[in-house]
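Structural description and commentary
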Amino acid sequence: MEMQFYPIDVDYVTNKAGKAVIRLFGRSTDGKRVCVIDSNFEPYFYAVPESKTKVASIRKEMEKIRVKHDESLFYVSSTEVSERKYLGKDISAIKVVVNHPKAVPAVKDIVKKISGIAMVAEADITFEKRYLIDKKISTLVLCSVNGEEFDANADVDLVLEAKSIEQTGEEMLSPKILGFDIEVYNKLRIPREEKDPILMVGFYSDNFKKVITWKKLDKAEKYIHFVKDEKELILEAVKTIKEFKPDYLVGYFSDGFDFPYLRSRAKKNNVELNINLDFSKISFRKRGELSSVQLTGFAHLDIYRFIKRITSGGEIQLESYDLDTVAKEMLNEGKADVEIPELAGAWDDNNQKKLKEFCKYNLKDAELTFRLTEKMLPNLHEFTKIIGQPVQDICRMTFGQFVEGYLLRNIQQFRELVPNRPSYNSISDRSMDSYEGAFVYQPSPGLYENLAVFDFRSLYPTIITSHNICPSTLTLDSKNAYETPEIEVNKRKIKHYFTSKHEGFIPIILRDILTRRNRIKEIIKKNGKDPILDARQYSLKILANSFYGYLGFSGGRWYSLECAQSVTAYARNYVQQVIEKAKKEFEVVYGDTDSIFIRLGKKTKKDALDFLKEINRGLPSLMELELENFYVRGIFVSKKSETKGAKKKYALIDEKGSIKVRGFETIRGDWSILAKEVQEKVLDMVLKENAPQKAINFVKEIIKQARQKKIDMKKMIIRRNLTKEIKSYEQIGPHVAVAKKMIEQGAEIPAGTTIYYIINEGKGMIRDRAKLPEESSSYDSEYYVNNQVIPAVKSIFEALGYKETYLKEDHAQSKLGEF
DNA sequence: CCATATCGGGG
DNA sequence: GTGTACGATATGG
C-alpha cells in the first residue's frame, strides 16, 4: 500500500533475524500514528589505504574479518572501492559494509590495524543519522512510502514494512502539541526526589485542559481530575499522554526537572512511565548535571533549552530565562500570581481555596509552555528541515552542532570524506591553541551626542566566502591564492594562503546559505511580513554566523586553526581600514568586531551615508558595510580598574526614543531589585532626558530613602544558591550563614537550595547579619547603599565625569552624604 | 595572564 | 551505543 507521512522520530532495532532495521515513527496525512520499518539499509564505514597498490590485498583481508561479541557474530558483508576526496585531495577509499551497526566499532578497530591502512572514516556517524543523510530525508517533511502492513509490538495505528521510501515534498507537519508541568511538595525550598511527592500534573493543548491531583477539592473546576494517591496520579498522567497521542510532549526545563522527578517518583511508587510507543523504557542521557530525556515514537521537547539557545546573542536580550520572564517577553503574559513556597503548607492544611489556585497555576504553566512552543515552532521547524535531524535533537543542539549537522548532509555532493570526531586528547590539544580575536577600538568614557553606527553585514561569513577560506583550500603555495593579512603567532608574523584555483566546500555551502537568505529577505520586503519566511531567514542567518565559530571549535570535525585565525585577521583588517578612513572626516568613538561608531559633529547624515557608499565601492562583492542606525545620544563607560572604555559596555538612544543597552548585565538575578531599578532609571534619565544631574539627585534620593527605611523590604532581598553540602563550605558567605542557622532550627537544606536573605542592621560581619526575609524587620541601609546601589551606577557616573567629586574608591561612604 | 568556581532552569 | 563530553561568566592564584 501507499502512504504519505511525516517522520518525527527515527531509531533502529534489531529484528529476530539479527538484522538492524530503521524505524520511522510519525504522523500520516490522514492523522494516524504510524511506524515505518525499513530493512533495506546497511551499516558501513570507510577505510583509506596508504596507497592504491595495496587495495586488492587489503580488501581480501578485510572480507575475512569475523568478531564474536556476546551472542552475536560481526563480519564484513562486502567491500567496494570508492573514489573520494579528503579535505580537497583526491583519495581512494574502501567502503566497508558490515552486518550490523554494532559491528562497526568492533570491525573498525581491526581494520585500523591492518598494515597499509592510513585511516578509518565515518565509523562514528550513528546508523539512523546515516540513514537520514543517505536517503535525503528530513524529519517533519512529507515522505511517501510504499510497503506492506506489518505486525509489530508498537502502540501505533499502523506499521508498514517499506519497500521504498522517499521524501516527496516541502510540506511540513502541523504537530499535535501537549504542554505539561508538575508541582511537587516543597516544604523545603528545593524538593527532594526521595521524599517529596508530586502533587499535581497539568496538561494543556488546543481544546484540552487537565490537572491531575490527589487531594479532593470541593466545587472544583471541570478540568481538575482527582485520584487517590501519587501512584494513581502518575498512572493517570501516563494514561493522559497515551490517549492524547501528542507528536510533541513539551515541558519547560523538563530535561532538568519534570522528567527526572517523574522517573524518581514512579520508581518510588513502583510504577512504569510507560509512554514510549514501543513500550521500552525512557532513555535519560546524562550530559553533565542535565540529562536529555528521549522518548520513542514521538518527541519530548524541553522548550526552555531551545529558547535559551536561540535568543541569546539575538535582538532581544533576556536577563533571565525563567518561564515568567520568557513568557512575559514573548507572549505578553506571565505566570499565575501565587506564592509557590506556600504550596506545601496549603497541602498540609487542606486549604481548599489556595489549592485550587495552585491547580490554576499548574495549568497556566502548562499553557505557557504550550504557547511558547507554538511561538517557537517556525524556528524549530526551519532548523529541523535545514539540518535534517529529529526535532527533539534540534531542540537541544548547540550552534556548532547545527553547522556540523548541516555540513554532514551537504558535504555529500562534494564526495568529501567526513573527518573523524576528534579524540578527547586532540580536543584538549586543540583547546590549547589560542589566536587573536576581534579588534576593539577603545572608547573614551563619556556621553556623546549625534552618533552614526555602521556595521558589516554578516562580516565573518562574507569574509569566508570572499577569500575562499576552507580547510580544503589551505595551501603553502602563495601563487594563485588569497593572502591573509599578517597574523602574529608566538611573536612571529605569518600569513596563510587559500588557493583561488578551485572553490572550497565551506565557501560554496556558506555562499549558498547567504544567497538563499538574501532571496528570502527580498521576498519578505516585497510581500510583507511572514512568520514562516522570517523564521527561515533567521535560521539561515544563525547558521551562517556559526561557521566561523565552528572552524575554531576544538570539538569539530572540520576544525581548522588556520581558517579561524584567517577569518579574524581579515576582519580586524577591514574594520581598521574603515576606522582609518573614517577618522579623516569624523571623530571615531568606538568600534568592535564588525562595527564602527562615529560622531557626526558638524557633518550631516548625508555625509555619513556618502562615506558608507565610498567604503562599499572598495569591498569584495559579498561584503557590505551598512548603516545600523543614527543615535541621538550614547554613553560609553569603563569597567572597574580600566581607564580606557570597556568593551561592549554602552547604552544608546535612537531618534525614536528606544534605548539599546549592552554589557550592563553585571546586574544579575543575585542582585537586589533595588540595584536593578536604580540602574535602569539612571540610564533612562541620562539618555532620554539628557539629565545627569537629575539622575544624581535621583540616586541621592534613593540613598536618603534607604537610610530612612522607606524602601520596600522586598526590594532588598538577595538570593544565592548553595552549590554544595553545608558542611563542605570553608568560605562562609552570607547565604551559607543563613542556611546554617536554618539547619540549627531543624530545617533540612540539601545542596542546590536557593537562599533568600536580607542584610540586617547591627555590628559585626555581614554574614552574621544576613537573615531570612521573614525574620528581618529592617535592613542595613549602608550595606545596600555601598554594595548594591553604588556599584550599579558607579561606572555610569564615572563616564559622565563625576568620578572625583562623588565616588572616591572604597571610601565612598563618607562622601556619600553629599551624593 | 590563565586555571578554577559558579550558575542556570525547576518547586 | 557506528558512545560519552554544557557553556558563559566571575573569581582567584
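First, a word on what this report is: a plain description of the structure on this page. A quick note: this is a predicted structure, and the numbers were derived from the prediction, not measured.

For chain A, the helix and strand inventory stands at 24 helices and 33 strands. Overall, the C-alpha framework of chain A stretches about 90 × 80 × 55 Å when taken along its three principal axes. By the burial criterion, 53% of the 819 residues in chain A qualify as buried. Across chain A, the fraction of contacts at a sequence separation of at least 24, relative to all contacts at a separation of at least 6, is 68%. Across chain A, the mean location of the 133 positive side-chain charges is 2 Å away from that of the 119 negative side-chain charges.

We now examine a positive patch on the surface. On the surface, Arg263, Lys267, Lys281 and Lys286 cluster together to form a positively charged patch. Relative to the helices and strands, Lys281 is located in the loop between helix H5 (258-268) and strand E16 (283-287).

Looking now at the sheet that holds strand E8 (residues 117-121). Taken together, the 5 strands give an open sheet; going across it, the order is E5-E6-E7-E4-E8, and neighbouring strands pair in antiparallel fashion. The sheet is open, and its two borders are formed by strand E5 (66-69) and E8, each paired with just one other strand. Geometrically, the sheet is characterised by an average inter-axis angle of 35° between neighbouring strands, direction not taken into account. Of the pairings in the sheet, the one linking strand E4 (residues 44-49) to strand E7 (residues 89-98) comprises 4 bridges and is antiparallel in character. Bridging from a neighbouring strand, Tyr46 pairs with Lys95 of E7.

This part is about the packing of aromatic side chains. Tallying each qualifying case throughout the model produces 29 aromatic pairs. Pairing Tyr590 with Phe636 gives two aromatic rings, centres 5.5 Å apart and planes at 55°, and the pair type is tilted. Here Tyr590, found in strand E26 (residues 587-592), pairs with Phe636, found in strand E28 (residues 625-636); they are 46 residues apart in sequence, far enough to count as distant. Among the residues examined, Tyr590 registers a relative accessible area of 1% and is labelled buried. On the basis of relative accessibility, which here comes to 1%, the residue Phe636 falls in the buried class. Taken together, Tyr448, Tyr590, Phe597, Phe636 and Tyr650 form an aromatic cluster joined through their ring pairs. The ring of Tyr779 carries the charged tip of Lys709 above its face, separated from the ring centre by 5.4 Å.

Let us look at the protein's contact with DNA strand C. Taken together, the neighbourhood of DNA strand C is formed by 21 residues, with Ala123, Phe127, Lys286, Arg287 and Arg421 sitting nearest. In DNA strand C, atoms within 4 Å of the protein come 71% from sugar and phosphate. At 3.4 Å, a backbone N or O of Glu122 approaches a base oxygen of DNA strand C. At 2.5 Å, a side-chain N or O of Arg421 approaches a phosphate oxygen of DNA strand C. For the surface near DNA strand C, the secondary-structure elements that each account for two or more residues are helix H2 (103-113), helix H3 (127-134) and E16. Partitioning the surface near DNA strand C into residue classes produces 10 nonpolar, 3 polar and 8 charged.

All right, on to the side chain of Ser458 then. Looking at the element boundaries, Ser458 is found in the loop between strand E20 (446-456) and helix H13 (459-466). Residue class for Ser458 comes out buried when judged on its relative accessible area of 16%.

According to the stated counting rule, one finds 52 salt bridges in the structure shown. Ionic pairing is found between Lys364 and Glu367, a salt bridge with its closest N-O pair at 3.5 Å. Here the residue Lys364 and the residue Glu367 both occupy positions in helix H9 (residues 352-387), the gap between them amounting to 3 residues, near one helical turn. Taking the relative accessible area as the measure of exposure, Glu367 reaches 12% and is therefore buried. In this structure, the salt-bridge partner of Arg617 is Glu614, at a minimum N-O distance of 2.9 Å. Taken together, the residues Arg617 and Glu614, both in helix H17 (residues 605-617) and 3 residues apart, mark about one turn of the helix. Three or more residues joined by partner-sharing salt bridges are found here, namely Glu333, Lys364, Glu367, Arg371 and Glu374.

Rules used in this analysis
Residues numbered from 1 in each chain as written. Chains lettered and ligands numbered in written order. Predicted model: local features only at pLDDT ≥ 70, side-chain atom pairs only at ≥ 80, totals over all residues. Heavy atoms only, no water. Helix = DSSP H or I, 4+ residues; strand = E, 2+ residues; numbered from the N terminus. Buried < 20%, exposed > 50% of the residue type's maximum accessible area, 1.4 Å probe, protein only. Contact = heavy atoms within 4.5 Å. Lys, Arg positive; Asp, Glu negative; His and termini not counted. Charge placed at Lys NZ, Arg CZ, Asp CG, Glu CD. Patch = residues over 30% accessible without salt bridge, like charges linked within 9 Å, V, L, I, M, F, W, Y side chains within 5 Å. Areas by Shrake-Rupley, 256 points an atom, 1.4 Å probe, with all protein chains shown as cover. Salt bridge = Lys/Arg side-chain N within 4 Å of Asp/Glu carboxyl O. Pairing = 2+ DSSP bridges. Axes fitted to C-alpha atoms, helices over the stretch in contact; angles between N-to-C directions. Phe/Tyr/Trp six-rings, centres within 6.5 Å; stacked < 30°, edge-to-face > 60°. Lys NZ or Arg CZ within 6 Å of the ring centre and 35° of its normal. Near = heavy atom within 4 Å. Polar contact = N/O pair within 3.5 Å; in protein donor to acceptor, adjacent residues only side chain to side chain. Nonpolar A, V, L, I, M, F, W, Y, C, P; charged D, E, K, R; others polar.

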